[in-house]
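The primary structure of each chain is shown beneath.
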Amino acid sequence: MIKSVLIFNNHGKPRLIKFYQQIDIATQQALVQEIYSLVSKRPDTVCNFLEGSKLLGGKDTRVIYRHYATLYFVFVVDESESELGILDLIQVFVESLDRCFENVCELDLIFHFDEVHHILSEIVQGGMVLETNMNEIVAAINEMNKAKKKSGSTTTGSLSVRASETLRAGFRH
């Protein structure tokens, strides 16, 4: 079972935190700090699996992660999950984000956090994997976006799109 999904940047700032079991906020923050300190010190040439997190279950817990550019994608799982399967699931998640945001970056995760959570919920719910087919995931997200447009939703979504585009344009110069 997947216990949590975390995304944080190279400086340890969380960009997505999703726990699939009840954990108090202080423990969640300590867990994010512990995992960041473990994975950020590891060179890119070593294995992407870590055993145990004292805060989240001990020896039967595994931390599986991938480092892409400025972001760490981390899945905390129990021993029943396949490490290689979870690495593949991280790849599916990242590629789904990339298809939905067209070259996903950290700013997309900040300004479109609701859509990122929706993409994750298409893949994992309640700690169980639901879907691994990227075409199905992207189709579901596209349907959600069409429904938003039909309902005339122009609140924070359109504002965040404009803010994200402005920031991206600023970074290009």
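The model shown is predicted, which means the values in this text are computed figures rather than measured ones.

Please provide a residue-by-residue account of helix α2 (residues 83-101), values included.
Look at α2: 27 Å from first C-alpha to last across 19 residues, which is about the 27 Å you get at 1.5 Å a residue. Every buried residue of α2 is listed here: Ile86, Leu87, Leu89, Ile90, Val92, Phe93, Val94, Ser96, Leu97, Cys100 and Phe101.

Report on the pattern of salt bridges, specifying residues and quantitative values.
This structure, assessed with the given rule, holds four salt bridges. Across the salt bridge formed by Lys148 and Asp114, the nearest N and O atoms sit 3.7 Å from each other. Here Lys148, found in helix α5 (residues 134-151), pairs with Asp114, found in helix α4 (residues 113-123); they are 34 residues apart in sequence, far enough to count as distant. A relative accessible area of 32% means that Lys148 is categorised as partly exposed. Across the pair Lys146 and Glu143 runs a salt bridge, and its minimum N-O distance is 3.9 Å. With Lys146 and Glu143 both in helix α5, this residue pair falls three residues apart, about one helical turn.

Give me the lowdown on the packing of aromatic side chains, citing residues and values where you can.
Counted by the stated rule, this structure contains five aromatic pairs. On the basis of an interplanar angle of 50 degrees and a centroid distance of 6.5 Å, the ring pair of Tyr65 and Tyr72 is categorised as tilted. Their ring planes at 85 degrees and their centres at 6.0 Å tell us that Phe73 and Phe93 sit as a pair that is edge-to-face. Of this pair, Phe73 sits in strand β5 (residues 71-78) while Phe93 sits in helix α2, and the two are 20 residues apart along the sequence. Neither Phe73 nor Phe93 differs from the other in exposure class; each is buried. Members of the aromatic cluster, joined through ring pairs, are Phe8, Tyr36, Tyr65 and Tyr72.

What counts and what doesn't
- Residues numbered from 1 in each chain as written.
- Predicted model: local features only at pLDDT ≥ 70, side-chain atom pairs only at ≥ 80, totals over all residues.
- Heavy atoms only, no water.
- Helix = DSSP H or I, 4+ residues; strand = E, 2+ residues; numbered from the N terminus.
- Expected span 1.5 Å × (residues − 1).
- Buried < 20%, exposed > 50% of the residue type's maximum accessible area, 1.4 Å probe, protein only.
- Salt bridge = Lys/Arg side-chain N within 4 Å of Asp/Glu carboxyl O.
- Phe/Tyr/Trp six-rings, centres within 6.5 Å; stacked < 30°, edge-to-face > 60°.

Read these as geometric descriptors, not functional statements.
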